[in-house]
Amino acid sequence: MSDLLNKLPDSDWRLRDSTRAVMAALEAARSQAPDLTGPLARFVGGCVRNQLLNQKVDDIDIATPLIPLQVIAALETAGIKAVPTGIDHGTITAVADGRPYEITTLRRDVETDGRRAVVAFSTDWTGDAQRRDFRLNAIYADADGTLFDPVGGIADALAGRVVFIGAAEDRIREDYLRILRFFRFSAWYGGGALDADGLAACARLADGMQGLSVERVWKEFKKLLAARDPRNALQAMESSGILRRLMPEAPGAAMLDRLIAAQLNAEPKARTFDPLPRFMALLLEEDKGAIAAARLKMSNEEKDRLAAGLSRDGVAMPPLSERSARAALYRLGPQAFSDRLVLALSNASGDADTARYKTMRAFAQNWTPPKLPVNGDDLARAGVKPGPAMGVTLRAVEQWWIDNDFPSDRKTLLAKAKELSAPF
């Protein structure tokens, strides 16, 4: 077995002072728990998996046989802030040097209902691993990086396999969100075809997703869409009928498939992508976007983005001249312009189209839309009568200003205002 499979390489996240302080604080609690043998703290889950795969580590999760009150006492003794973020389920968040560390007591499931579990605390590391979802998420590492792999997750991670721990149906029945997590983790960490047994179990038990909160579903699906290349996972969702269940408003994933291919061609080094334009490519139509947004209880910001990105308001999109692009960017705003630009990329047919996309994206990032140089007070001083006609005139002046590529000459604009206000 190679050194990589025995021990994590040194890394900034594991060796930073705050991480060492948290691990040392937990280990120092041994005097208060003399019956416990073996390590009192191990890293677990995504931080270990991503380090093995040489990918970015964002969140640091720690498992411990200490019960929550012991964890709190150990942290406070070391002068580290302890926040009981999920104490009923065994989770305490340590905050050291402003960084959060989620510490969870080893657990076993007592009762599950497909959405949540009643747990009991444990001191059994292997038992804790066996209640997790996928083998590649049940890899542990000691403070010094020594790996503990009770269910074979290292081999899966390195081979790009996402496989349920034990019987796939058992794991799914414990929490039906694991159906979506199967596809999400396959999108992020899988290589090639999805695990056949896991996919078949997801298809058989798809009815169980009906009991999930739409907020959880949308959060999980967004993470899937943000993966660099989720096409294999999406195609498996579509062929198994799960995509239709999840997204009944979507006609299919054909346009999204084209968009992802074009994005990878345009940005081959990107590790992740904005999920919202990809979601728009699934829906295609503004009314379907509104229905999906309401059903999934999206945030107001997401609803507004969806509506603006899918709107058929007649604003031209690429290929555009720079002048036309300035007009479109002004009318739409930076976010909607960017979203529609990404959607237009799905029609790219070659390197020339990709190059135009990059040029237009750079333009949108660097051009600051100007402010209309005149306002209602200026028009009033120029002799335009106040009242409802004032607003009509101001909008007409703005339209002329946009159509003429944003001239900054106030005299010209005021003269145009007088001309446009004449009928009133």
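Residues numbered from 1 in each chain as written. Predicted model: local features only at pLDDT ≥ 70, side-chain atom pairs only at ≥ 80, totals over all residues. Heavy atoms only, no water.

Engineer: For this particular structure, what's the right way to read the overall build of the protein?
Structural biologist: The number of helices and strands found in the protein is 23 helices and nine strands. Viewed in the frame of its principal axes, the protein has a C-alpha envelope of about 90 × 50 × 40 Å. For the protein, buried positions account for 48% of its 424 residues. Across the protein, every contact between residues at least 6 apart in sequence was considered, and the portion connecting residues at least 24 apart equals 65%. (Helix = DSSP H or I, 4+ residues; strand = E, 2+ residues; numbered from the N terminus. Buried < 20%, exposed > 50% of the residue type's maximum accessible area, 1.4 Å probe, protein only. Contact = heavy atoms within 4.5 Å.)

Engineer: Any chance you could explain the pattern of salt bridges here in plain terms?
Structural biologist: One side chain can pair with another of opposite charge once the charged atoms of both are near each other. Per the counting criterion, the structure on display carries 29 salt bridges. A salt bridge links R171 to E174; the shortest N-O distance between them is 2.7 Å. Pair noted here: R171 and E174 are both in helix α8 (residues 168-174), with a separation of three residues, about one helical turn. Residue R171 shares its accessibility class with E174, and that shared class is buried. Residues joined by salt bridges that share partners form a network here, namely R135, D156 and R161. (Salt bridge = Lys/Arg side-chain N within 4 Å of Asp/Glu carboxyl O.)

Engineer: Looking at this structure, how should I read the sheet that holds strand β8 (residues 140-141)?
Structural biologist: Spatial strand order, β3-β4-β5-β2-β1-β8-β9: seven strands in an open sheet with mixed pairing. Because the sheet does not close on itself, it has two edges, and the strands there are β3 (81-86) and β9 (147-148). Bridging between β3 and strand β4 (residues 91-96) involves four bridges; their strand directions are antiparallel. Across the sheet, residue K81 finds its bridge partner in β4, namely V95. Those strands touched by helix α3 (residues 17-27) are β1 (42-44), β2 (61-64), β4 and β5 (99-105), and its axis lies near 30° from that of β5. Along the sheet face, helix α5 (residues 68-77) touches β2, β3, β4 and β5 and points at about 10° away from the line of β4. (Pairing = 2+ DSSP bridges. Axes fitted to C-alpha atoms, helices over the stretch in contact; angles between N-to-C directions.)

Engineer: Would you explain the nonpolar core in this entry?
Structural biologist: Note on soluble globular proteins: their nonpolar side chains tend to be buried together. Counting residues in each nonpolar core, the largest one holds 126 residues, and the members touching the most others are V22, I62, L75, F183, F221, M237 and F279. At eight residues, the largest contribution of residues to this core is made by helix α9 (residues 177-189). Setting aside residues no more than four positions away along its own chain, V22 makes contact with I62, L75, I80, A94, A96, Y101 and I103. Counting residues in each nonpolar core, the second largest holds nine residues, with L106, A138, V151 and I165 among its members. (Core = buried A, V, L, I, M, F, W, Y, C linked by side-chain atoms within 4.5 Å.)

Engineer: What exactly am I supposed to notice about the confidence of the model for the protein here?
Structural biologist: Where the model shows low pLDDT, its predicted coordinates should not be examined in detail. Looking at the protein as a whole, its pLDDT mean stands at 91, while 95% of the residues score no less than 70. Put simply, helix α1 (residues 3-6) is where the protein has its lowest mean pLDDT, 66, and β1 is where it has its highest, 98. (pLDDT = per-residue confidence, 0-100.)

Engineer: Can you help me understand the packing of aromatic side chains in this one?
Structural biologist: For any pair of aromatic rings, the description consists of the separation of the ring centres together with the inter-plane angle of the planes. Counted by the stated rule, this structure contains 16 aromatic pairs. Ring centres of F164 and F182 lie 5.4 Å apart, and the angle between their planes is 15°; on these two criteria the pair is classed as stacked. In this pair, F164 sits in the loop between α7 (153-159) and α8 while F182 sits in helix α9, placing the two residues 18 residues apart along the sequence. Grouping aromatic residues by their ring pairs yields a cluster made of F134, F164, F182, F183, F185 and Y189. For the cation-ring pair, R42 lies above W125, with the distance from its terminal atom to the ring centre recorded as 4.7 Å. (Phe/Tyr/Trp six-rings, centres within 6.5 Å; stacked < 30°, edge-to-face > 60°. Lys NZ or Arg CZ within 6 Å of the ring centre and 35° of its normal.)

Engineer: What should I look at first to understand the environment of A201 in this one?
Structural biologist: Checked against the element boundaries, A201 lands in helix α10 (residues 196-204). Here A201 falls in the buried class, since its relative accessible area comes to 1%. Distance from A201 to D170, taken between C-alpha atoms, is 9.4 Å for residues 31 residues apart in sequence. Leave out the neighbours within four places in its chain, and A201 touches A168, E169 and I172.

Engineer: Got a minute to help me understand helix α17 (residues 300-310) in this structure?
Structural biologist: In an α-helix, one turn spans 3.6 residues, which is why side chains three or four residues apart end up on the same side. Buried within α17 are the following residues: E302, R305, L306, G309 and L310. Angularly, the buried residues of α17 cover 110° about the axis, an arc narrow enough to put them on a single face. In α17, the exposed residues that point more than 90 degrees away from the buried face are N300, E301 and D304. In the core, the buried residues of α17 are packed alongside α11 (214-225), α15 (275-283), α16 (286-295) and α19 (334-344). (Arc of directions from axis to C-beta.)

Engineer: Looking at this model, I keep getting lost on the side chain of E302. Mind explaining?
Structural biologist: Relative to the elements of secondary structure, E302 occurs in helix α17. Owing to a relative accessible area of 12%, E302 belongs among the buried residues under this scheme. Setting aside residues up to four positions removed in sequence, E302 forms contacts with W218 and K222.

Engineer: Would you mind showing me how to read the packing of helix α22 (residues 388-403) against helix α23 (residues 410-421) here?
Structural biologist: What describes two packed helices is the angle between their axes and the distance between those same axes. Where α22 meets α23, the axes come as close as 9 Å, and the angle between the chain directions of the two elements is 125°. One finds that α22 runs oblique with respect to α23. In terms of crossing hand, the pair formed by α22 and α23 is right-handed. Every residue of α23 that contacts α22 at T393, A396, V397, W400 and W401 is listed here: T412, L413, K416, A417, L420 and S421. (Parallel < 35°, antiparallel > 145°, perpendicular 65-115°, else oblique. Left-handed = near helix turned anticlockwise from the far one by under 90°.)

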